Amino acid sequence: MQGYGGWIVFLALMATLLGTSCSSVSDEQAVTTDGKAKMQTVKYASRFSIMKRDDGCTLVKVLSPEGTDIGIDYAYLLVPHDRSVPEDRGTAAVVRIPLKRVTCENGFHVSLIEMLDCFDAIAGVSGKRRIGQDRVHKMIDSGALPVTGYMRGLNMETLVKIDPDLAFVNVTSVSSDIFEKMMAYGLRPGFFCASLEEHPLGALEWIKFMGAFFEKDSLAASIFEKQEHAYLDVQKTAEHLTRKPSVITGYSRKGAWSIMGSSRWFVTMLEHAGSEYLFRGQGPIGGIF
């Protein structure tokens, strides 16, 4: 493969990463025994962990950033509706599962929830700008799906009216006090850090994070395994390319091309597709004009 072959492979990788097909659910649980708890296997992602407890609850930990420093732990204790809250919950935020009402900030959140067959749980979205699904756009236009805004434009009044079990928000390395404001209003943010992952499959593996909140662990593991195999197969194809096109990412705004330092996982995917990203190493934070 030469010339445009790299772009063909790239498109194949994108289709794999964002694919919505589901394989049959395996009876085997992707866990390893560790004393009294079972730690669910997370192969590529480094920003979350899932531990199944013997009492039927699940401890989910998120490693999220603060400003330019990475390293704040946030924990959720997922408790099924038919179980009592354990006394040894520590400082973890208690969340009843499966979630029945959530809000989403971007299209990736929506895609993962849809893949888990839980779309009806979406009770609000940030708007059309960050979500590309036609289904969502039609629901916004008809008034069936409230618009919450996002980050500093977040409409707290709308969110409070929706009263979601969890409001999924995309966490970046840019400092913000929006999460503290949400909690001050009695809202519970669902910290989502997939964009900070190093590997494309690490970003996709956040479907396991979503699966835990909807009690869809086996389905999430099954979907991920199928997409992982497809991705790695396409990556092997790219290894045989003899020509690698140089690429940049960004968008045109007010007559200037803005390169916003793409997510690490996206840059890695470009390379897996047989291309060379011109601005690799300049970081995912800030922009180049």
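Residues numbered from 1 in each chain as written. Predicted model: local features only at pLDDT ≥ 70, side-chain atom pairs only at ≥ 80, totals over all residues. Heavy atoms only, no water.

**Focus: the overall build of the chain**
Secondary structure assignment for the chain yields nine helices and 14 strands. When each of the 289 residues of the chain is scored for burial, the buried share is 48%. Put simply, 55% of the contacts in the chain that link residues at least 6 apart link residues at least 24 apart. Of the roughly 14,700 Å² that the chain leaves accessible, carbon and sulfur atoms contribute 50%. (Helix = DSSP H or I, 4+ residues; strand = E, 2+ residues; numbered from the N terminus. Buried < 20%, exposed > 50% of the residue type's maximum accessible area, 1.4 Å probe, protein only. Contact = heavy atoms within 4.5 Å. Areas by Shrake-Rupley, 256 points an atom, 1.4 Å probe, with all protein chains shown as cover.)

**Points about the sheet that holds strand E9 (residues 166-170)**
Pairing is parallel in the open sheet, where four strands are placed in the order E8-E7-E9-E10. If you trace the sheet from one side to the other, it starts and ends with strand E8 (122-125) and strand E10 (189-192), each paired once. Taking the axes of each pair of neighbouring strands and ignoring which way they run, one obtains an average angle of 30° across the sheet. Bridge analysis of strand E7 (residues 102-104) against E8 gives three bridges, and the strand direction is parallel. The residue bridging Cys104 from the neighbouring strand is Val125, located in E8. Together, E9 and E10 form the strand contacts of helix H7 (residues 206-213), whose direction differs from that of E10 by roughly 160°. (Pairing = 2+ DSSP bridges. Axes fitted to C-alpha atoms, helices over the stretch in contact; angles between N-to-C directions.)

**Concerning the nonpolar core**
Tyr76, Trp206, Phe213 and Phe214 are the most contacted members of the largest nonpolar core, which totals 67 residues. Examining the composition of this core, we find that six residues originate from one element, H7, more than from any other. Counting residues in hydrophobic clusters, the runner-up holds seven residues, among them Cys57, Leu59, Ala92 and Val94. (Core = buried A, V, L, I, M, F, W, Y, C linked by side-chain atoms within 4.5 Å.)

**Some words on the packing of aromatic side chains**
Counted according to the given criterion, the structure contains 14 aromatic pairs. Seen in terms of ring centroids, Phe48 and Phe209 are 5.9 Å apart; in terms of plane orientation they differ by 65°. Their pairing is edge-to-face. Of this pair, Phe48 sits in strand E3 (residues 48-52) while Phe209 sits in helix H7, and the two are 161 residues apart along the sequence. You'll find Phe48 and Phe209 in the same group, each marked buried. Each member of the aromatic cluster is reached from another via a ring pair, and the members are Phe48, Tyr74, Tyr76, Phe108, Phe168, Phe179, Phe191, Phe192, Trp206, Phe209 and Phe213. (Phe/Tyr/Trp six-rings, centres within 6.5 Å; stacked < 30°, edge-to-face > 60°.)

**Focus: unusual backbone geometry**
Note that the residue after Ile97, namely Pro98, is joined by a cis bond; omega there is 0°. Residue position: Pro98 is located in the loop between strand E6 (93-97) and E7. In this model, Asp163 sits at a positive phi of 50°, which is unusual for a non-glycine residue. Within the secondary structure, Asp163 sits in the loop between helix H4 (156-162) and E9. You will see that Glu215, though not glycine, has its phi angle at about 55°, which is positive. When you line up the elements, Glu215 lands in the loop between H7 and helix H8 (217-238). On the accessibility criterion, Glu215 (39% relative accessible area) is partly exposed.

**Structural notes on the pairing of E9**
Most of E9 is tucked away: five of the five residues are buried. Where burial is concerned, the two faces of E9 agree: the one with Leu166, Phe168 and Asn170 and the one with Ala167 and Val169 are both buried. One ladder, built from two bridges, connects E7 with E9; its direction is parallel. Note on E9: the bridge partner recorded for Thr103 is Ala167. Note: E9 against E10, four bridges, orientation parallel. Paired with Phe168 across the two strands is Gly190, which belongs to E10.

**Notes on the packing of helix H2 (residues 107-115) against H7**
Interaxial distance between H2 and H7 falls to 10 Å at its minimum, and their mutual angle equals 60°. Regarding the angle of H2 to H7, the classification is oblique. Our pair here, H2 against H7, has a crossing hand that is right-handed. Packed against H2, whose contacting residues are His109, Leu112, Ile113 and Met115, the element H7 presents Trp206, Ile207 and Met210 at the interface. Class assignment of the residues belonging to the contact of H2 with H7 gives a composition of six nonpolar, one polar and no charged. (Parallel < 35°, antiparallel > 145°, perpendicular 65-115°, else oblique. Left-handed = near helix turned anticlockwise from the far one by under 90°. Nonpolar A, V, L, I, M, F, W, Y, C, P; charged D, E, K, R; others polar.)

**Thoughts on helix H3 (residues 134-142)**
Among the residues making up H3, those that are buried are Val136, His137 and Ile140. Projected down its long axis, H3 shows its buried positions confined to an angular sector of 100°, all on one face. Across H3 from its buried face, at more than 90 degrees, point the exposed residues Asp134, Lys138, Asp141 and Ser142. Note on H3: the residue one or two positions beyond its end, Gly143, has a positive phi of about 85°. (Arc of directions from axis to C-beta.)

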